[in-house]
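# Geometric and topological summary
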Amino acid sequence: MQQTVAAAEFLAACALSRVDAVSGFARDGLLSSQEVFTQQLVTGLSNGMIIALIAIGYTMVYGIIELINFAHGDLCMLGAYFALTVVGALGVDQWAGTGGMMGLVLVLVGTAAFCGSLNWSINRLAYRPLRKASKLSLLVSAIGASFILVNLGLFWGGLPMDVFANGTSSAAPKAFPALVSADPAAQIGDVIYSRTDLLVLCVTLPLMVALTYLVRFTKLGKAMRAVAQNPTGASLMGIDVERVIGASFFIGGSLGGFATVVYSLYNQTVSFQMGYRMGMDAFIAAVLGGIGNLPGAVLGGILIGVIRSMSDGYLEARWTNTVVFGILILILVFRPSGLLGAKLREKV
Amino acid sequence: MAISSKRITINLLLIAAVASIPIIEKFVPLGLHISDPMTDVFVYAILGLGLNILTGFTGLLNLGVAAFAAIGAYVFAISTCEIYPFQLGFWSALGLTMAAGALAGFALGAPTLRVRGDYLAIVTLGFGEIVKDVLVNMDSITKGTQGINPLPPPTLFGHELGGSGQYWLFMVFALVVAIGARSLERSRIGRGWISIREDELASRAMGIRPDHAKMLAFATCASLAALAGALTASRLSSSGEPGNYDFQISILALCIVIVGGIGSVRGVLLGALVMVGMNSIVLVKLTELMGGSDAAPPAALADAHGLQWAFLFVKTWAQNVLISPTNWKFLVFGLALVLMMIFRPEGILPARGAKEDAPDGDEGSSGASGVGGVPGGGASPVATKELRP
Amino acid sequence: MDELLGQTKDTDFVVTGLDGSRTRAGRFVSLSFRVMIRRTASIVAALTGAAFLLAAAPVHAVQDAPNKKLKIVSSLPQTGSANAQTTSIVNGIKMAIDERGAMVDGFKIEFEAMDDASPQKGNWDGQIESANAKRAIADPAVVGYIGTYNSGAAKISMPLLNKAGLVMVSPGNTAAGLTKPGLGEPNEPAVYRPSGKVSYFRVVPADDIQGAVACEFCRNDLKAKKVFILHDRELYGKGIADVFKKTAEATGVEVVGFEGIDAKASNYRSLVTKIRAAAPDVVFFGGTTQTNGAQVLKDLRAGGAKIPFVSPDGTFEKAFIEAAGKDSVTKEQGGVYITFGGVPSEMLTGIGAKFVKSYQAKYGEIPEAYAVYGYEAGCVLLDAIDRAETKDRAAIIAAVAATKDFNGALGTWSFDENGDTSVRTMSINTIEDGAFKFVRTAGGAAKAK
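These numbers were taken from a predicted model, which means no experiment stands behind them.

### Describing the overall build of chain A
- Looking only at helices and strands, chain A features 12 helices and 4 strands.
- When each of the 348 residues of chain A is scored for burial, the buried share is 62%.
- Sequence separation of 24 or more characterises 76% of the internal contacts of chain A that already satisfy a separation of 6 or more.

### Re the environment of aspartate 115 of chain C
Residue and element names in this part refer to chain C.
- Locating aspartate 115 in the fold gives a position in strand β3 (residues 107-115).
- Looking at aspartate 115, the number of C-beta atoms within 10 Å reads 29, which means it is buried.
- Sequence-wise, aspartate 115 and glycine 172 are 57 residues apart; in three dimensions their C-alpha atoms are separated by 15 Å.

### Digging into helix α3 (residues 72-90) of chain A
All names here are of chain A.
- Compared with the 27 Å implied by 1.5 Å per residue over 19 residues, the 27 Å span of α3 between its first and last C-alpha is a close match.
- Here α3 lies mainly inside the structure; 14 of its 19 residues are buried.
- Looking one or two places after α3, you find glycine 91, whose phi comes out positive at around 100°.

### Some details on the packing of helix α5 (residues 90-109) of chain B against helix α11 (residues 210-236) of chain B
Residues and elements named next belong to chain B.
- α11 packs onto α5 with a crossing angle of 140° between their chain directions and a minimal axis gap of 7 Å. The pairing of α5 with α11 is recorded here as oblique in orientation. As for how α5 packs across α11, the hand of that crossing is right-handed. On α11, the residues that touch Phe90, Leu94, Thr97, Met98, Ala100, Gly101, Ala102, Ala104, Gly105, Phe106, Leu108 and Gly109 of α5 are Lys214, Met215, Phe218, Ala219, Cys221, Ala222, Ser223, Ala225, Ala226, Leu227, Ala230 and Ser234.
- A per-class count over the contact of α5 with α11 returns 17 nonpolar, 6 polar and 1 charged.

### Observations concerning the confidence of the model for chain A
Residues and elements named next belong to chain A.
- With 89% of its residues at a pLDDT of 70 or more, chain A has an overall mean of 85.
- Here helix α1 (residues 2-16) stands out as the least confident element of chain A, with mean pLDDT 48; helix α9 (residues 241-267) is the most confident, with 95.
- Every residue in residues 10-28 scores below 50 in pLDDT, and together they form 21 contacts with partners more than four places removed in sequence or on other chains.

### Examining the sheet that holds strand β6 (residues 142-147) of chain C
Residue and element names in this part refer to chain C.
- Spatial strand order, β2-β3-β1-β6-β7-β8: 6 strands in an open sheet with mixed pairing. The sheet terminates laterally at β2 (103-104) and β8 (200-202), the two strands that pair on one side only.
- The pairing of strand β1 (residues 69-76) with β3 spans 8 bridges and is classified as parallel. Bridge assignment links isoleucine 72 to a residue of β3, and that residue is phenylalanine 111.
- Contacts from helix α6 (residues 126-138) reach β1, β3 and β6, with the element oriented near 175° to β1.

### Quick look at the pairing of β1 of chain C
All names here are of chain C.
- For β1, a buried count of 6 out of 8 residues is recorded, marking the element as mostly surrounded by other parts of the structure.
- Here 5 bridges tie β1 to β6, and the two strands are oriented parallel to one another. By the bridge assignment, lysine 71 is partnered in β6 with valine 142.

### Digging into the interface of chain C and chain A
- Listed by partner, the interface residues are 39 residues for chain C and 38 residues for chain A.
- At the level of secondary structure, the elements contributing two or more residues to the side of chain C that touches chain A comprise α1 (2-7), α5 (83-99), β10 (254-260), α10 (269-278), α11 (293-302) and α12 (318-324) of chain C.
- In terms of residue count, the dominant contributor to the side of chain C that touches chain A is α10 of chain C (7 residues).
- Grouping the constituent residues of the side of chain C that touches chain A by class yields 12 nonpolar, 15 polar and 12 charged.

### Focus: the sheet that holds β10 of chain C
Residue and element names in this part refer to chain C.
- What the 7 strands build is an open sheet, ordered β10-β9-β11-β12-β13-β16-β17; its pairing is mixed. Of all the strands in the sheet, just β10 and β17 (435-442) have a single pairing partner and so form its edges. The average angle at which neighbouring strand axes cross in this sheet is 25°, direction not considered.
- Contacts between helix α8 (residues 207-220) and the sheet are confined to β9 (226-231), β11 (282-286), β12 (309-311), β13 (336-340), β16 (426-432) and β17, with β13 contributing the most and set at about 145° to the helix.

### Here's the deal with the confidence of the model for chain B
Residue and element names in this part refer to chain B.
- In this model, chain B carries a mean pLDDT of 81, and residues with pLDDT of at least 70 account for 83%.
- Ranking the elements of chain B by mean pLDDT puts helix α17 (residues 381-387) last with 30 and helix α4 (residues 65-80) first with 95.
- pLDDT under 50 marks residues 292-297. Its contacts with residues more than four places away, or in other chains, come to 9 contacts.
- Reported confidences for the modelled complex are a pTM of 0.82 and an ipTM of 0.83.

### Focus on the environment of alanine 89 of chain A
- Structurally, alanine 89 of chain A is set in helix α3.
- On a C-alpha basis, the gap between alanine 89 of chain A and methionine 161 of chain A in space is 8.4 Å, while along the polypeptide they are 72 residues apart.

### Looking at the pairing of strand β7 (residues 167-170) of chain C
All names here are of chain C.
- Across the two faces of β7 the burial is the same, with Val167 and Val169 and Met168 and Ser170 all buried.
- Examined bridge by bridge, β6 and β7 share 3 bridges and lie parallel to one another. Looking at β7, one finds that isoleucine 146 is bridged to valine 169.
- On the question of chirality, the crossover connecting β6 to the parallel β7 by way of helix α7 (residues 151-164) is right-handed.
- Taken together, the 3 bridges between β7 and β8 define a ladder with parallel strand orientation. Bridge pairing links valine 169 to phenylalanine 201 in β8.

### Describing the nonpolar core
- Formed by 366 residues in total, the largest nonpolar core has its most connected members in Ile46, Ala69, Ala226 and Cys255 of chain B together with Phe284 of chain C.
- The dominant element in this core, judged by the number of residues it contributes, is α11 of chain B, at 16 residues.
- Beyond its immediate stretch of four places on either side in the chain, isoleucine 46 of chain B contacts Phe173, Ala174, Val177, Leu224, Leu227 and Ala228 of chain B.
- With 8 residues, the next largest nonpolar core counts Val42, Ile188, Tyr193 and Leu198 of chain A among its residues.

### Quick notes on unusual backbone geometry
- That bond from glycine 147 of chain C to threonine 148 of chain C is cis: its omega, 5°, falls within 30 degrees of zero.
- Structurally, threonine 148 of chain C can be placed in the loop between β6 and α7.
- You will see that lysine 143 of chain B, though not glycine, has its phi angle at about 65°, which is positive.
- Summarising the element assignment, lysine 143 of chain B is placed in the loop between α7 (139-142) and β1 (155-156).

### A closer look at α11 of chain C
- Across the 10 residues that make up α11 of chain C, a large majority, 10, are buried.
- Within α11 of chain C, burial applies to Gly293, Ala294, Gln295, Val296, Leu297, Lys298, Asp299, Leu300, Arg301 and Ala302 of chain C.

### Topic: the packing of helix α2 (residues 33-65) of chain A against helix α10 (residues 274-289) of chain A
All names here are of chain A.
- In the contact formed by α2 and α10, the axes pass within 8 Å of each other and the chain directions differ by 65°. Between α2 and α10, the crossing angle belongs to the class labelled roughly perpendicular. Two packed elements cross with a definite hand, and for α2 against α10 that hand is right-handed. Here Ile51, Ala52, Ile54, Ala55, Tyr58, Thr59 and Tyr62 of α2 come into contact with α10, specifically with Met278, Asp281, Ala282, Phe283, Ala285 and Ala286.

The rules we used
Residues numbered from 1 in each chain as written. Chains lettered and ligands numbered in written order. Predicted model: local features only at pLDDT ≥ 70, side-chain atom pairs only at ≥ 80, totals over all residues. Helix = DSSP H or I, 4+ residues; strand = E, 2+ residues; numbered from the N terminus. Buried ≥ 20, exposed ≤ 12 C-beta atoms within 10 Å, placed from the backbone. Contact = placed C-beta atoms within 7 Å. Expected span 1.5 Å × (residues − 1). Axes fitted to C-alpha atoms, helices over the stretch in contact; angles between N-to-C directions. Parallel < 35°, antiparallel > 145°, perpendicular 65-115°, else oblique. Left-handed = near helix turned anticlockwise from the far one by under 90°. Nonpolar A, V, L, I, M, F, W, Y, C, P; charged D, E, K, R; others polar. pLDDT = per-residue confidence, 0-100. Pairing = 2+ DSSP bridges. Right-handed = clockwise from strand over helix to strand, strands pointing away. Core = buried A, V, L, I, M, F, W, Y, C linked by C-beta atoms within 7 Å.

Listed below in structure tokens is the structure:
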């Protein structure tokens, strides 16, 4: 019951967009076990939504050309560097009020466009020549692309800009300015709903809705589903298969771009090696849900986020990876095609 | 399929050339230090050959082969190191390691027979992460990230082998594994594996039992990977830390197999030479050639304008990262992989018939759906496609 | 049409599957192998040739004057995120050599910085470390090996170099077991000394001192009654965290949590909730910038745990402040305190201060914390070569071991019988206005045992 009230209050807080902390920060008493649980759930959902958005990029590409796009996580990493550069170029201090909001939208859209185009180009340069080669060659090409992107991230970190600490240590993690502060948007009891949690929700949900609409109700979406089901058949029906594949890469990449900005604002750190974990989490999320299946990717992402959070909170953090992968393996052993993979045949 | 005498001659010549590297190094003081990285090449060749059996012959994508190497290294370490009560010798520990590896292979293979294609790949990947974490976290047994040392060096008839001795021993190991893999490929078992890769349902119809064959492939792969892990551990005299057997090593092994030519034993040997050689010989030499460079004081960017600013910006950037050759390693490595795949997707030395295989590109997920289902089931072409996940 | 169908073989999969494999079997037999053989041979020949050429190229330099030339090598992880720290160590070594005009006793001193990290790992790699050690051993001109940065890597090269009788001076290894009997595994440090002699020396104080000092600081200065300990599960981080825990338990500070983190995780918010629920006075993090120390700090602040954050010298580098950002390190947010085995660059006096000044002049920035250790390692080694007056490796080991009352950048100090430095001065530092600020020194009196 308390949860319901808490949720209602949170929604009210969202509607008002900003509510100052209800009570004084860090109340004297300890968190009650119920508050701990709620807080862990909030953390898990926020992380999970970000993972889900990245997972969609994996699952779209997989659904269409059956490639595990190893470069996707590193693409997102470059997106974060791009966003940081834009923020640096516009000036870190200019992010308050309406102007700040506009700037934020600009960074989001710009990064999405950047990641989308980059993903499209990678497809063009590294994957398209291999359309007729074996799937494993394609996989190695993706691994190679991922190495290249990681190295570009390393180079990027050496730019002599303030946001990169003048680039003197290019390999070090970079602080991403807290454009959206981590202050509480609302605090109910001792459970903190931070403004970054709110941001995650505000960015990811509309995008997921928009994507669902795109895939289900537009002509491009129809073409994508057709190509996913049978590329030969689709091309016989007059669908330009390569164009559809390119579009999927662009859309998947730009969702990754949105996700990476949210990720950077949420964690406030970017590093050229962060792509590995971003990619890995998203990838297992996509497989957990049934790779090639869009709702599956979202479900998988949220599950991974919540499982991680609960395992950190109630077990030991050092066993979290084991728990996540253990659950993944169990699910795959008993449901070999993921949670939603068998029920929904459509791949995109 | 008789082996021509010419082929044998060439093979022998190649082996002799490789075997003579330590001797050449000893007597021709050129300061080449390639026998040491070459020993690594042999270890990776064994790892690659093991993976080739599972991924190349049987068509099961494994992204966690490093886990088996880790199991090998740790079993070897625990059974030999002086701080544990077992203290076996080199050879008996090696035997135990391979048996343990095979067991681990069964342990992973048995429950995952139903899982196929890329789903199997992620199960193996998860297995790799779990093994790594368990090794770190069970630190009362495995010493966590400390690694276990010292371990006995390779011996032969009671003699400890030095650098060259290890080189030749490891070369013989790689050769024996290569010849073994070759013979297996042509045996009844090997043909069974290949037929499963090509078409599981059809091979079942021909009387092959896919479950048995797959389990055997898993066990062989794991056992060879464990051997590779144990050999490295013995050579380094340390099990290394669990983090040394991470996803990157699995990826390197996979690249060795695919760059060399998937399914081709000679290809894998060459792949190991190219991939490991690129890392430990070419890149290292390149770094030496280019030399390190001193960073100059950062220019005063704030005072500059226009073109001068752009010039200074690029110059400072270059000084920050671009001039150091170590910062280019990932790029060179990745570019080589991509170019390689674009211009020679079937690998340097493709397996026979690989060109014919290439277009279908479906090794990972064979057309059959559901092992437990009725074979065939009168599936029409379209229905088959739809059944796939 | 055929081509199109060829792309997707599954369209008619049962019949063609059987048919197809039969066709392929036929081709197996009919294929001529000659082409294949020729191709193999030529590719192998070309590759071998290329490797030889590459390998042979830089050799000429070594052979010019074989007798009057000595070489010092370093082996540090220069690919990956430790890069800034290791680069400044290398710079420090170079400066030590340059100060003597690259000449000692009529020997020309050459220096090579080897990288013991691989791009695949982005961190130190045992195989490369072993290869580096072997390469140094094989080169008769090499008389000194400066390394390693990571204690785990040292475990691999120490026995190799010891057996070969090549002196090793580490600017960065702090794991106690490497030199001190009774603090690591039962067989340590004897396992690293197959020859029975001490050939490994380090110019940094070991972790057993640092963990205890950090705990004393929490108890005395921060008045902590309850601590939550995090560590990165690595040799260095967990080692210090273990010492910290032992000291805390011995001195009556309650340890309300002891957790190993996943150094690659994207954030630690869930862990922070756990920490908030345990309500400690201080969080101690045993780890480095590379193992995500800054992220832990940031998440503590974002999660509302505004209590002091204490960490060891693995985070005592500018990269940590850069990664943590300005806001999370301030005193209002709880404050950050970092222990360091020595005093920070700015607080160095005498030779040390001179070093920092000339480093700044040459490289345009204040050196990272470990740079001075690189410099000191170089100086000690050159000094020993000077006293040994020979290129005999055994004599140089003896000369390094005999280092007594050495007047260097870290003060006046000696090596003890284990190869440890007598320097025991630790410093506590905090962060103010985006820069490290010295708080006070702390003696190495308290020892965890």
